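# Structural overview
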Amino acid sequence: MRYSLLSVVAASVVLAADPVPKEYDYIVVGSGPGGGPLACDLARAGYSTLLLEAGTDQGDNPLYADLQNFNEAANDDLSRWDFWVKHSEDPARELKFKHMTWRQSDGTFYVGLDPPPGSTQLGIQYPRAAVLGGCAMHNGAVCSLPQDDDWNTIVNATGDTSWSADKMRKYLIQIENNQYLPKASKDHGFDGMEKNPQPSQRGESSSELGMSSY
């Protein structure tokens, strides 16, 4: 298997036993939940694969390795990329959003509706992770199934019916290992790799987490 990992920020290269090729069959940018598995699958299939990651390897760092630290990991300067988004084109409506973020004069953030004088409006924070493993390294291990309208909005915008809710549901059925519904339930999977247990087996109830089971 020929596989190379380049960490851009650390300027280091982690190599398998084979020498580094001058050309690659595939170059994958980003080692998150999309790029990481894709690069591994390509390498296992025998393709020479270069995986580019802007961050460092924090796999041995308890801040990232221990799930209960996910909130601290998301705010860790070692990996945090701050992106700022808008929820509306109406500036007045944006200012009513309670998670609006401002940079204060001392460089720290203020989140809320009443920023101190001299603060600069940034937007709504959408943190991403520059780290080996990408945003999988700072999320709360919560899997949420989008509403059907979310998928169908993509269909309406692109004309690509492969994104339709009924077709995307098939992927859930393939990966889900549902442990709380009768196996006759046609909209769920029972033989996949992702366990979906009873809410009481997840450590907290779904209502306590502010989410619904799918």
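Every value quoted in this text rests on a predicted model; they were computed, and no experiment measured them. (Residues numbered from 1 in each chain as written. Predicted model: local features only at pLDDT ≥ 70, side-chain atom pairs only at ≥ 80, totals over all residues. Heavy atoms only, no water.)

## A short note on helix α1 (residues 35-44)
The criterion, for reference: Burial classification: accessible surface area is computed with a 1.4 Å probe over protein chains only, and a residue below 20% of its type maximum counts as buried, one above 50% as exposed, and the rest as partly exposed. In this description a helix means any DSSP run of H or I spanning at least four residues, a strand means any run of E spanning at least two, and both kinds are numbered starting from the N terminus. Working definition: the arc comes from the directions between the helix axis and the C-beta atoms, pointing outward to the latter.
Listed as buried for α1 are G35, G36, A39, L42 and A43. One side of α1 carries all its buried residues, which in axial view fall inside an arc of 135°. Trailing α1 by a residue or two, G46 shows a phi angle of about 100°, which is positive.

## Description of the environment of A43
Relative to the assigned elements, A43 resides in helix α1. Judged by relative accessible area, A43 falls into the buried class, the value being 1%. Taking the C-alpha atoms as reference, A43 lies 9.1 Å from Y26; in sequence the two are 17 residues apart.

## Section: the environment of Q121
So the rule is basically this: Pairs of residues are marked as contacts when any of their non-hydrogen atoms sit within 4.5 Å.
For Q121, the position within the fold is in strand β9 (residues 120-125). Not counting residues within four places of it along the chain, the set of residues in contact with Q121 comprises L95, M100, T101 and W102.

## Description of the nonpolar core
Which entries qualify depends on this criterion: Remark: nonpolar core denotes a set of buried residues (Ala, Val, Leu, Ile, Met, Phe, Trp, Tyr, Cys) joined through side-chain atoms within 4.5 Å.
In this structure, Y64, A73, A129, V131, C135 and M137 together form the largest nonpolar core, which totals 6 residues. Ignoring anything within four residues of it in the chain, the contact list for C135 reads P33, R128 and A129.

## A closer look at the sheet that holds strand β7 (residues 100-103)
Inclusion rule: Two strands pair under a simple rule: DSSP has to find at least two bridges between them.
In space, the 4 strands of this open sheet follow the order β6-β9-β7-β8, with antiparallel pairing throughout. With partners counted over all chains shown, the strands left at the sheet margins are β6 (84-85) and β8 (109-111), one partner each. Here 4 bridges tie β7 to β9, and the two strands are oriented antiparallel to one another. Counted as the bridge partner of W102 is Q121 from β9.

## Comments concerning the confidence of the model for the protein
Put simply, the rule reads: pLDDT measures how confident the predictor is about each residue, on a scale from 0 to 100.
The share of residues in the protein with pLDDT of 70 or more is 84%, and the mean pLDDT across the chain is 83. A low-confidence stretch, residues 1-16 stays under pLDDT 50, and its non-local contacts, those more than four residues away or across chains, total 46 contacts. The low-confidence segment residues 202-214, where pLDDT is below 50, has 23 contacts with residues more than four positions distant or belonging to other chains.

## Considering helix α6 (residues 165-175)
Buried residues of α6: A165, M168 and L172, and no others. Around the axis of α6, the buried residues are gathered within 70° of arc, so they sit on the same side. In this structure, α6 carries D166, K170 and Q174 as exposed residues pointing more than 90 degrees from its buried face. The elements touched by buried residues of α6 are α5 (148-158) and β11 (176-178).

## Thoughts on a nonpolar patch on the surface
Defined as follows: Patch rule: a residue counts if its relative accessible area is over 30% and it has no salt bridge; like charges are joined within 9 Å, and nonpolar side chains (Val, Leu, Ile, Met, Phe, Trp, Tyr) within 5 Å. Each accessible area is a Shrake-Rupley result for a 1.4 Å probe, and residues are judged covered by the shown protein chains and nothing else. Every case where a carboxyl oxygen of Asp or Glu lies within 4 Å of a side-chain nitrogen of Lys or Arg is listed as a salt bridge.
On the surface, W81, F83, V85 and Y126 cluster together into a nonpolar patch covering about 380 Å² of accessible area. For W81, the location among the structural elements is in strand β5 (residues 80-81).

## As for the side chain of N177
Tracing the chain through its elements places N177 in strand β11. Contact partners of N177, with chain neighbours within four places excluded, come to G189, F190, D191, G192, E194, K195 and N196.

## Structural notes on the side chain of E176
We count it as follows: Polar contact is the term for a pair of N or O atoms within 3.5 Å; when the atoms are in protein, one must be able to donate a hydrogen and the other to accept it, and sequence-neighboring residues count only if both atoms are side-chain atoms.
Tracing the backbone through its elements, the reader meets E176 in strand β11. Of the polar contacts made by the side chain of E176, one reaches the backbone nitrogen of G189; its length is 3.1 Å.

## So, the pattern of salt bridges
Counting across every chain of the model gives 5 salt bridges. One salt bridge connects K86 with E89, and the closest N-O pair in it is separated by 3.2 Å. Of the two residues, K86 and E89, neither departs from the other in class, the shared state being exposed. One salt-bridge network, in which partners are shared between bridges, spans D77, R80 and D82.

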